[in-house]
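Letter by letter, the chains look like this.
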Amino acid sequence: MLSLGVLLVGCTSTPAEEPSEDAAALEDTTPTPEPTPTPTPTASRTPTPPTSAPAATPTAVPTTVPSEGSALLHVVEEKDGDSFVASDGVEYRVGMVNAPERSTCGGTEASERAYELMAQGFTAEAYDTDDYGRSVARIHTSTGDLGVLMAREGLVDDRYLDQFRHQHPSYASELDTAFAEARATDAGLWQTCWAPAAEESDAAAQDRGGAVEPTTDSRHAGRTGQWPCHPAYRECLPDGPDLDCAEVGHTVELLGNADPFRLDGNSITATDGWGCDTYPAWSPTESYPYYDG
């Protein structure tokens, strides 16, 4: 009986061992990991810049080239046919050409034509500064270069061309052609103010007390041939004795820096190149005090 009991005990399965209090406590204090949530897919989007530095809206870069209207200059103060003050405040001298002063033969005609050509506006290509502080320039008008146009029309002469051609050789070359055309056709003042003086009749010569001889310098106007022309002046003043403006009676242009009669100020050197400029221009129909001297 005892053996049967032992046998039964040996065949009965051993029950699972109960967890100890320590193990249970350990299980209770070990955190159970939270399940990782599966992210919900979202539509992709373009990242936006941080709010502290918003993207700048592109703006147009201002051009450095002025518009045609603002680039054009206009005459604000007239001087003569080759110099003026423009709307940029600069006094310009048209390079390498010489227009007659307003008080001399052809001066008004040359000045009016110059300002007519510039009336619609112009641009200035300054390339030097003269002794008077003026900007020496090419003046570009809507119809062409002012100096070249005036030279071709016979309204300026070329007395300064050779002296200053080194400053702008290509411009000087254009002027050479224009002056040659004007002379060949006796354009403008080459036919009047700058034409060789006509010989006086014998009767006119007797009235003025002398024989007429042709002048050798066609640039001298006035009573050429009655006496040797003074080399310092364009109008044919006698080569002595000394004269003052009251004895001359008309504007006189100096041909250089010498002014022995002191007609261009109280000095024997030129001031602005014009003597007796408060008097009217010389006229071939007038008789002047020095004619009878």
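Residues numbered from 1 in each chain as written. Predicted model: local features only at pLDDT ≥ 70, side-chain atom pairs only at ≥ 80, totals over all residues. Heavy atoms only, no water.

**Let's talk about the state of the cysteines**
Filter applied, for reference: In plain terms, two cysteine sulfur atoms within 2.5 Å form what is called a disulfide here. Segments assigned H or I by DSSP are reported as helices when at least four residues long, segments assigned E as strands when at least two residues long, and all are numbered from the N terminus. Burial classes: relative accessible area under 20% of the type maximum marks a residue as buried, over 50% as exposed, and values in between as partly exposed (1.4 Å probe, protein chains only).
Under the defined criterion, the tally for this structure stands at two disulfides. Covalent S-S linkage joins Cys-105 and Cys-193, the inter-sulfur distance amounting to 1.9 Å. Disulfide Cys-105 to Cys-193: torsion about the S-S bond roughly -75°, handedness left-handed. One end of the pair, Cys-105, is in the loop between strand E3 (91-94) and helix H4 (107-117); the other, Cys-193, is in the loop between helix H7 (169-185) and helix H8 (202-207), with 88 residues separating them in the sequence. Overall, the relative accessible area of 38% leaves Cys-105 in the partly exposed class. With relative accessibility at 18%, the residue Cys-193 sits in the buried group. Paired by a disulfide, Cys-245 and Cys-276 hold their sulfur atoms 2.1 Å apart. An S-S torsion of about -90° defines the bridge between Cys-245 and Cys-276 as left-handed. Of the two residues, Cys-245 sits in helix H9 (residues 245-248) while Cys-276 sits in the segment after strand E8 (274-275), which places them 31 residues apart along the sequence.

These figures capture arrangement, not role.
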